[in-house]
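Examination of the molecular architecture
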Amino acid sequence: MYSSYQILLAIGMVVTGSINTLSVKWADKLQAKGSDDKERSFNHPFFQSLTMFFGEFLCLLFFKLAYRYHLKRQYSIEDSPIVKGNQHFNPFLFFVPAMFDMVATTLMYIGLTMTYASSFQMLRGAVIIFTAIFSKIFVHRQVSIRHWLGIFTIIIGLATVGASDLLSSSKSSTNSVNEIIIGDLLILAAQILTAAQMVYEEKYVVTNDIPPLQAVGWEGVFGFLIMSLLLVPFYYIHVSPPLAGNNSRGVIEDFPEAIIQIMNNKWILVALIGNIISIAYFNFSGVSVAKEISATTRMVLDSVRTFFIWIFSLAVGWQTFDPLQPVGFLLLLIGMCIYNNLLRAVPRRLRTVVHYPTDEPIIGGQP
(Lines give C-alpha, C1' and ligand atoms only; values in the text may rest on other atoms or scores of the structure.)
Protein backbone atom coordinates (compact mmCIF):
# COMPACT_ATOMS: atom_id res chain seq x y z
CA MET A 1 0.00 0.00 0.00
CA TYR A 2 1.43 3.35 -1.03
CA SER A 3 1.71 6.17 1.49
CA SER A 4 0.21 9.61 0.84
CA TYR A 5 3.76 10.97 0.37
CA GLN A 6 4.49 8.41 -2.34
CA ILE A 7 1.20 9.17 -4.08
CA LEU A 8 1.96 12.91 -4.03
CA LEU A 9 5.42 12.23 -5.47
CA ALA A 10 3.93 10.16 -8.28
CA ILE A 11 1.30 12.81 -9.11
CA GLY A 12 3.94 15.55 -8.94
CA MET A 13 6.19 13.65 -11.34
CA VAL A 14 3.42 13.18 -13.93
CA VAL A 15 2.20 16.79 -13.65
CA THR A 16 5.61 18.48 -13.76
CA GLY A 17 6.86 16.05 -16.40
CA SER A 18 3.94 17.02 -18.62
CA ILE A 19 4.41 20.72 -17.92
CA ASN A 20 8.11 20.78 -18.86
CA THR A 21 7.34 19.46 -22.36
CA LEU A 22 4.15 21.47 -22.87
CA SER A 23 5.68 24.72 -21.60
CA VAL A 24 8.51 24.50 -24.15
CA LYS A 25 6.03 23.78 -26.96
CA TRP A 26 3.79 26.61 -25.73
CA ALA A 27 6.71 29.04 -25.85
CA ASP A 28 7.43 27.87 -29.43
CA LYS A 29 3.81 28.65 -30.36
CA LEU A 30 3.78 32.15 -28.85
CA GLN A 31 4.55 35.18 -30.99
CA ALA A 32 6.03 38.57 -30.14
CA LYS A 33 7.77 41.46 -31.85
CA GLY A 34 11.50 40.97 -32.34
CA SER A 35 14.36 43.42 -32.73
CA ASP A 36 13.12 44.29 -36.24
CA ASP A 37 9.66 45.11 -34.86
CA LYS A 38 8.06 42.20 -36.72
CA GLU A 39 5.85 39.55 -35.16
CA ARG A 40 7.77 36.27 -34.91
CA SER A 41 7.27 32.95 -33.14
CA PHE A 42 9.56 32.42 -30.16
CA ASN A 43 11.99 30.05 -31.86
CA HIS A 44 15.00 30.06 -29.52
CA PRO A 45 15.95 26.41 -28.74
CA PHE A 46 19.44 27.31 -27.44
CA PHE A 47 18.00 29.91 -25.07
CA GLN A 48 15.40 27.40 -23.89
CA SER A 49 18.16 24.87 -23.35
CA LEU A 50 19.84 27.47 -21.14
CA THR A 51 16.69 27.80 -19.02
CA MET A 52 16.50 24.01 -18.72
CA PHE A 53 20.03 23.88 -17.30
CA PHE A 54 19.11 26.64 -14.87
CA GLY A 55 16.27 24.41 -13.66
CA GLU A 56 18.75 21.56 -13.15
CA PHE A 57 21.07 23.95 -11.29
CA LEU A 58 18.21 24.62 -8.84
CA CYS A 59 18.41 20.92 -7.94
CA LEU A 60 21.94 21.53 -6.61
CA LEU A 61 20.71 24.47 -4.50
CA PHE A 62 17.92 22.30 -3.11
CA PHE A 63 20.41 19.53 -2.30
CA LYS A 64 22.77 21.93 -0.50
CA LEU A 65 19.92 23.36 1.56
CA ALA A 66 18.67 19.87 2.45
CA TYR A 67 22.20 18.75 3.36
CA ARG A 68 22.80 21.76 5.62
CA TYR A 69 19.38 21.25 7.21
CA HIS A 70 20.24 17.65 8.09
CA LEU A 71 23.58 18.72 9.57
CA LYS A 72 22.01 21.57 11.56
CA ARG A 73 19.27 19.32 12.97
CA GLN A 74 21.84 16.55 13.49
CA TYR A 75 19.75 14.13 11.44
CA SER A 76 21.43 11.04 10.06
CA ILE A 77 22.61 11.66 6.49
CA GLU A 78 22.55 7.92 5.77
CA ASP A 79 18.83 7.72 6.59
CA SER A 80 17.80 10.32 4.00
CA PRO A 81 17.35 9.16 0.37
CA ILE A 82 17.81 12.75 -0.86
CA VAL A 83 21.21 13.58 0.67
CA LYS A 84 22.60 10.09 1.27
CA GLY A 85 25.76 9.37 -0.70
CA ASN A 86 29.42 10.13 -1.28
CA GLN A 87 30.51 13.78 -0.92
CA HIS A 88 34.17 13.24 -1.82
CA PHE A 89 34.31 13.49 -5.61
CA ASN A 90 35.60 15.77 -8.35
CA PRO A 91 32.73 17.96 -9.70
CA PHE A 92 34.38 17.91 -13.15
CA LEU A 93 33.25 14.28 -13.33
CA PHE A 94 29.95 15.77 -14.51
CA PHE A 95 31.40 17.85 -17.33
CA VAL A 96 31.19 15.07 -19.95
CA PRO A 97 27.55 14.05 -19.22
CA ALA A 98 26.62 17.75 -19.10
CA MET A 99 27.97 18.17 -22.63
CA PHE A 100 26.01 15.15 -23.83
CA ASP A 101 22.94 16.59 -22.12
CA MET A 102 23.48 20.05 -23.64
CA VAL A 103 23.74 18.83 -27.24
CA ALA A 104 20.91 16.30 -26.84
CA THR A 105 18.54 18.80 -25.21
CA THR A 106 19.24 21.46 -27.84
CA LEU A 107 18.63 18.97 -30.67
CA MET A 108 15.36 17.92 -29.04
CA TYR A 109 14.22 21.52 -28.59
CA ILE A 110 15.02 22.27 -32.25
CA GLY A 111 13.10 19.14 -33.23
CA LEU A 112 10.18 20.16 -31.01
CA THR A 113 9.76 23.40 -33.00
CA MET A 114 9.16 21.25 -36.12
CA THR A 115 7.05 18.35 -34.83
CA TYR A 116 4.33 17.61 -32.27
CA ALA A 117 4.73 17.66 -28.49
CA SER A 118 3.27 14.16 -28.12
CA SER A 119 5.60 12.76 -30.82
CA PHE A 120 8.51 14.47 -29.07
CA GLN A 121 7.69 12.61 -25.87
CA MET A 122 7.04 9.28 -27.58
CA LEU A 123 10.19 9.35 -29.72
CA ARG A 124 12.25 9.82 -26.58
CA GLY A 125 11.44 6.17 -25.84
CA ALA A 126 14.14 5.31 -28.39
CA VAL A 127 16.72 6.01 -25.68
CA ILE A 128 16.17 2.46 -24.37
CA ILE A 129 17.43 1.01 -27.67
CA PHE A 130 20.69 2.97 -27.69
CA THR A 131 21.22 2.57 -23.93
CA ALA A 132 21.01 -1.21 -24.27
CA ILE A 133 23.51 -1.22 -27.16
CA PHE A 134 25.98 1.13 -25.40
CA SER A 135 25.61 -0.77 -22.10
CA LYS A 136 26.54 -4.01 -23.84
CA ILE A 137 29.59 -2.41 -25.50
CA PHE A 138 30.95 -0.18 -22.72
CA VAL A 139 29.55 -1.56 -19.43
CA HIS A 140 29.56 -5.21 -20.59
CA ARG A 141 25.96 -5.85 -19.63
CA GLN A 142 24.34 -8.97 -20.99
CA VAL A 143 21.17 -8.13 -22.90
CA SER A 144 18.65 -10.98 -22.63
CA ILE A 145 16.07 -12.16 -25.17
CA ARG A 146 13.48 -10.27 -23.12
CA HIS A 147 15.34 -7.01 -23.62
CA TRP A 148 15.70 -7.56 -27.37
CA LEU A 149 11.99 -8.39 -27.58
CA GLY A 150 11.18 -5.14 -25.80
CA ILE A 151 13.54 -3.20 -28.08
CA PHE A 152 11.96 -4.74 -31.21
CA THR A 153 8.48 -3.76 -29.97
CA ILE A 154 9.70 -0.22 -29.25
CA ILE A 155 11.15 0.06 -32.78
CA ILE A 156 7.77 -0.91 -34.26
CA GLY A 157 6.11 1.67 -32.00
CA LEU A 158 8.54 4.38 -33.11
CA ALA A 159 7.91 3.54 -36.76
CA THR A 160 4.17 3.78 -36.13
CA VAL A 161 4.55 7.20 -34.48
CA GLY A 162 6.67 8.38 -37.43
CA ALA A 163 4.04 7.18 -39.91
CA SER A 164 1.37 8.97 -37.87
CA ASP A 165 3.37 12.22 -38.07
CA LEU A 166 3.64 11.95 -41.84
CA LEU A 167 -0.10 11.41 -42.20
CA SER A 168 -0.88 14.26 -39.78
CA SER A 169 1.43 16.64 -41.67
CA SER A 170 -0.78 16.40 -44.75
CA LYS A 171 -3.65 17.83 -42.69
CA SER A 172 -1.55 20.55 -41.02
CA SER A 173 -1.28 24.06 -42.40
CA THR A 174 1.72 24.97 -40.22
CA ASN A 175 4.04 21.96 -40.45
CA SER A 176 5.37 20.61 -43.76
CA VAL A 177 6.26 16.96 -44.29
CA ASN A 178 9.97 17.81 -44.50
CA GLU A 179 9.86 19.84 -41.27
CA ILE A 180 8.21 17.02 -39.34
CA ILE A 181 10.62 14.40 -40.72
CA ILE A 182 13.64 16.57 -39.79
CA GLY A 183 12.15 17.28 -36.35
CA ASP A 184 11.55 13.59 -35.63
CA LEU A 185 15.03 12.64 -36.86
CA LEU A 186 16.66 15.31 -34.65
CA ILE A 187 14.78 13.97 -31.62
CA LEU A 188 15.87 10.40 -32.46
CA ALA A 189 19.49 11.52 -32.95
CA ALA A 190 19.36 13.23 -29.56
CA GLN A 191 18.49 9.89 -27.95
CA ILE A 192 21.87 8.50 -29.02
CA LEU A 193 23.58 11.25 -27.01
CA THR A 194 21.17 10.80 -24.09
CA ALA A 195 21.99 7.07 -24.05
CA ALA A 196 25.72 7.87 -24.06
CA GLN A 197 25.09 10.24 -21.13
CA MET A 198 23.25 7.53 -19.15
CA VAL A 199 25.91 4.89 -19.77
CA TYR A 200 28.69 7.34 -18.79
CA GLU A 201 26.79 8.21 -15.60
CA GLU A 202 26.31 4.55 -14.75
CA LYS A 203 29.98 3.75 -15.27
CA TYR A 204 31.55 6.77 -13.55
CA VAL A 205 28.88 8.45 -11.41
CA VAL A 206 26.57 5.78 -10.00
CA THR A 207 29.55 3.61 -9.06
CA ASN A 208 30.87 6.50 -6.92
CA ASP A 209 27.57 6.59 -4.95
CA ILE A 210 26.94 10.29 -5.63
CA PRO A 211 23.46 11.54 -4.62
CA PRO A 212 21.40 11.71 -7.85
CA LEU A 213 19.94 15.15 -7.11
CA GLN A 214 23.45 16.51 -6.57
CA ALA A 215 24.61 14.90 -9.82
CA VAL A 216 21.77 16.50 -11.78
CA GLY A 217 22.62 19.86 -10.18
CA TRP A 218 26.29 19.73 -11.16
CA GLU A 219 25.35 18.83 -14.72
CA GLY A 220 23.10 21.88 -14.66
CA VAL A 221 26.01 24.06 -13.53
CA PHE A 222 28.34 22.95 -16.34
CA GLY A 223 25.57 22.96 -18.93
CA PHE A 224 24.49 26.49 -17.96
CA LEU A 225 28.04 27.85 -18.04
CA ILE A 226 29.00 26.30 -21.39
CA MET A 227 25.71 27.23 -23.05
CA SER A 228 26.07 30.81 -21.78
CA LEU A 229 29.50 31.00 -23.42
CA LEU A 230 28.25 29.47 -26.67
CA LEU A 231 25.49 32.06 -26.99
CA VAL A 232 28.18 34.70 -27.69
CA PRO A 233 29.60 33.18 -30.93
CA PHE A 234 26.11 31.91 -31.90
CA TYR A 235 25.00 35.56 -32.03
CA TYR A 236 27.51 36.27 -34.83
CA ILE A 237 27.31 33.06 -36.90
CA HIS A 238 24.90 33.46 -39.84
CA VAL A 239 23.30 30.25 -41.09
CA SER A 240 20.39 29.16 -43.25
CA PRO A 241 17.11 27.65 -41.96
CA PRO A 242 16.38 25.45 -40.11
CA LEU A 243 19.56 26.14 -38.08
CA ALA A 244 18.83 29.88 -38.14
CA GLY A 245 15.45 29.36 -36.53
CA ASN A 246 13.12 32.31 -36.86
CA ASN A 247 15.15 35.32 -35.73
CA SER A 248 15.56 38.61 -37.57
CA ARG A 249 19.34 38.37 -38.06
CA GLY A 250 19.48 34.82 -39.46
CA VAL A 251 21.97 33.63 -36.85
CA ILE A 252 22.17 30.39 -34.85
CA GLU A 253 20.81 32.09 -31.71
CA ASP A 254 19.86 35.71 -31.13
CA PHE A 255 19.91 36.08 -27.35
CA PRO A 256 19.06 39.83 -27.30
CA GLU A 257 16.04 39.20 -29.53
CA ALA A 258 14.86 36.44 -27.20
CA ILE A 259 14.91 38.96 -24.34
CA ILE A 260 13.07 41.55 -26.47
CA GLN A 261 10.37 39.02 -27.36
CA ILE A 262 9.98 38.04 -23.70
CA MET A 263 9.53 41.72 -22.79
CA ASN A 264 6.96 42.16 -25.57
CA ASN A 265 4.95 39.08 -24.57
CA LYS A 266 4.88 38.23 -20.88
CA TRP A 267 3.26 34.85 -21.60
CA ILE A 268 6.61 33.69 -23.00
CA LEU A 269 8.16 34.47 -19.61
CA VAL A 270 5.40 32.48 -17.91
CA ALA A 271 6.13 29.50 -20.20
CA LEU A 272 9.89 29.70 -19.50
CA ILE A 273 9.38 29.97 -15.73
CA GLY A 274 7.04 26.97 -15.95
CA ASN A 275 9.81 25.04 -17.70
CA ILE A 276 12.45 26.01 -15.12
CA ILE A 277 10.30 25.13 -12.09
CA SER A 278 8.91 21.94 -13.63
CA ILE A 279 12.40 20.72 -14.63
CA ALA A 280 13.65 21.26 -11.07
CA TYR A 281 10.69 19.54 -9.41
CA PHE A 282 10.51 16.78 -12.03
CA ASN A 283 14.12 15.81 -11.29
CA PHE A 284 13.45 15.88 -7.56
CA SER A 285 10.24 13.83 -7.82
CA GLY A 286 11.80 11.42 -10.33
CA VAL A 287 14.73 10.68 -8.04
CA SER A 288 12.39 10.39 -5.05
CA VAL A 289 10.02 7.99 -6.86
CA ALA A 290 12.97 5.78 -7.86
CA LYS A 291 14.20 5.79 -4.24
CA GLU A 292 10.83 5.56 -2.43
CA ILE A 293 9.05 3.16 -4.82
CA SER A 294 11.12 1.81 -7.75
CA ALA A 295 12.85 2.77 -10.99
CA THR A 296 10.26 0.80 -12.97
CA THR A 297 7.46 2.85 -11.39
CA ARG A 298 9.33 5.93 -12.54
CA MET A 299 9.37 4.53 -16.09
CA VAL A 300 5.63 3.82 -16.02
CA LEU A 301 4.85 7.33 -14.74
CA ASP A 302 7.07 8.78 -17.48
CA SER A 303 4.93 6.90 -20.02
CA VAL A 304 1.73 8.16 -18.38
CA ARG A 305 2.77 11.78 -18.94
CA THR A 306 3.13 11.01 -22.65
CA PHE A 307 -0.60 10.20 -22.70
CA PHE A 308 -1.50 13.49 -21.00
CA ILE A 309 0.73 15.47 -23.39
CA TRP A 310 -1.01 13.83 -26.35
CA ILE A 311 -4.50 14.53 -24.95
CA PHE A 312 -3.62 18.16 -24.19
CA SER A 313 -2.13 18.68 -27.67
CA LEU A 314 -5.33 17.40 -29.24
CA ALA A 315 -7.52 19.52 -26.94
CA VAL A 316 -5.78 22.82 -27.77
CA GLY A 317 -5.46 22.06 -31.48
CA TRP A 318 -1.68 21.67 -31.63
CA GLN A 319 -2.21 18.52 -33.69
CA THR A 320 -4.99 16.53 -35.32
CA PHE A 321 -6.10 13.08 -34.25
CA ASP A 322 -4.61 10.15 -36.12
CA PRO A 323 -5.51 6.58 -35.07
CA LEU A 324 -1.93 5.43 -35.65
CA GLN A 325 -0.58 7.58 -32.83
CA PRO A 326 -2.36 5.82 -29.93
CA VAL A 327 -1.34 2.51 -31.54
CA GLY A 328 2.27 3.70 -31.58
CA PHE A 329 2.00 4.87 -27.97
CA LEU A 330 0.58 1.48 -26.91
CA LEU A 331 3.39 -0.39 -28.69
CA LEU A 332 5.99 1.85 -27.04
CA LEU A 333 4.41 1.25 -23.63
CA ILE A 334 4.29 -2.53 -24.17
CA GLY A 335 7.90 -2.53 -25.36
CA MET A 336 9.05 -0.57 -22.29
CA CYS A 337 7.09 -2.91 -20.01
CA ILE A 338 8.69 -5.98 -21.64
CA TYR A 339 12.14 -4.38 -21.38
CA ASN A 340 11.63 -3.54 -17.70
CA ASN A 341 10.11 -6.97 -16.90
CA LEU A 342 6.66 -5.61 -16.00
CA LEU A 343 4.60 -8.04 -18.09
CA ARG A 344 4.08 -11.33 -16.27
CA ALA A 345 2.61 -12.75 -19.47
CA VAL A 346 6.11 -12.95 -20.94
CA PRO A 347 7.36 -16.55 -20.67
CA ARG A 348 9.66 -17.19 -17.70
CA ARG A 349 12.58 -18.25 -19.87
CA LEU A 350 12.47 -14.84 -21.60
CA ARG A 351 12.29 -13.05 -18.28
CA THR A 352 15.32 -14.84 -16.85
CA VAL A 353 18.35 -12.62 -17.10
CA VAL A 354 21.73 -12.26 -15.45
CA HIS A 355 21.86 -9.81 -12.57
CA TYR A 356 21.67 -6.21 -13.69
CA PRO A 357 22.63 -3.14 -11.64
CA THR A 358 19.42 -1.50 -12.88
CA ASP A 359 17.34 -1.35 -16.04
CA GLU A 360 17.07 2.42 -15.84
CA PRO A 361 19.83 4.77 -14.69
CA ILE A 362 18.45 7.01 -11.93
CA ILE A 363 20.60 9.99 -12.83
CA GLY A 364 20.06 12.01 -15.96
CA GLY A 365 16.74 13.81 -15.74
CA GLN A 366 15.57 15.00 -19.15
CA PRO A 367 13.05 17.53 -20.37
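This text goes with the structure placed above it.
All figures in this text were calculated on a predicted structure; none of them were measured in a lab. Think of each chain on its own: its residues are numbered from 1, step by step along the sequence as written. Selection of residues for local features in this predicted model requires a pLDDT of at least 70, selection of side-chain atom pairs for listing and counting requires 80 or more, and totals for whole chains, interfaces and linings are taken over all residues. Hydrogen atoms and water are omitted, and side-chain values are computed over all heavy atoms in the structure.

Comments concerning the packing of helix 5 (residues 127-139) against helix 7 (residues 177-205)
Which entries qualify depends on this criterion: Note on method: axes are straight lines fitted to C-alpha atoms, helices fitted across the in-contact stretch only, with angles between N-to-C directions ranging 0 to 180 degrees. Helix and strand assignments come from DSSP, with helices taken as H or I runs of at least 4 residues and strands as E runs of at least 2, each series counted from the N terminus. Here the word oblique covers every angle except those under 35 degrees (roughly parallel), over 145 (roughly antiparallel) and from 65 to 115 (roughly perpendicular). Take the far helix as your reference; a near helix turned counterclockwise from it by less than a right angle gives a left-handed crossing, and one turned clockwise gives a right-handed crossing. Contact between two residues is taken to exist if any of their heavy atoms lie within 4.5 Å; hydrogens are not considered. The classification used treats Ala, Val, Leu, Ile, Met, Phe, Trp, Tyr, Cys and Pro as nonpolar, Asp, Glu, Lys and Arg as charged, and all other residues, Gly among them, as polar.
Between helix 5 and helix 7, whose axes approach to 8 Å, the crossing angle comes to 40 degrees. Here helix 5 is positioned oblique relative to helix 7, judged by the angle of their axes. Considering how the two elements wind past one another, helix 5 and helix 7 form a crossing that is right-handed. Contacts between helix 5 and helix 7 involve Val 127, Phe 130, Thr 131, Phe 134, Ser 135, Phe 138 and Val 139 from the first element and Leu 188, Gln 191, Ile 192, Thr 194, Ala 195, Ala 196, Met 198, Val 199, Glu 202 and Lys 203 from the second. A breakdown of the residues in the contact of helix 5 with helix 7 according to their chemical character gives 11 nonpolar, four polar and two charged.

Looking at unusual backbone geometry
Phi is positive for Asp 37, close to 65 degrees, though the residue is something other than glycine. If you trace the backbone, Asp 37 turns up in the loop between strand 1 (31-33) and strand 2 (39-41). Its identity as a non-glycine residue notwithstanding, Asp 209 has a phi of 55 degrees, on the positive side. Note that Asp 209 resides in the loop between helix 7 and helix 8 (212-234).

Looking at the packing of aromatic side chains
Cut-off, in case you're wondering: Only centres within 6.5 Å qualify two rings of Phe, Tyr or Trp (six-membered ring in Trp) as a pair; their planes then separate them into stacked at under 30 degrees, edge-to-face at over 60, and tilted for everything else. Type-normalised accessible area, obtained with a 1.4 Å probe on protein chains alone, sets the label of each residue: buried when under 20%, exposed when over 50%, and partly exposed for intermediate values. Charge-over-ring placement is defined geometrically: NZ (Lys) or CZ (Arg) within 6 Å of the ring centre, and within 35 degrees of the ring normal.
Summed over the entire model, instances satisfying the criterion amount to 20 aromatic pairs. Their ring planes at 25 degrees and their centres at 5.9 Å tell us that Phe 63 and Tyr 67 sit as a pair that is stacked. In this pair, Phe 63 and Tyr 67 are both assigned in helix 2 (residues 45-72), four residues apart and thus about one turn of the helix distant. The class of Tyr 67 is partly exposed, set by a relative accessible area of 22%. Seen in terms of ring centroids, Trp 310 and Phe 321 are 6.1 Å apart; in terms of plane orientation they differ by 40 degrees. Their pairing is tilted. Of the two residues, Trp 310 is situated in helix 11 (residues 295-315) and Phe 321 in the loop between helix 11 and helix 12 (324-339); the sequence distance between them amounts to 11 residues. Relative accessible area serves as the criterion here: at 9%, Trp 310 is assigned to the buried category. Given a relative accessible area of 47%, Phe 321 falls into the partly exposed group. Here the guanidinium or amino end of Arg 249 rests over the ring plane of Tyr 235, the centre of that ring lying 4.0 Å away.

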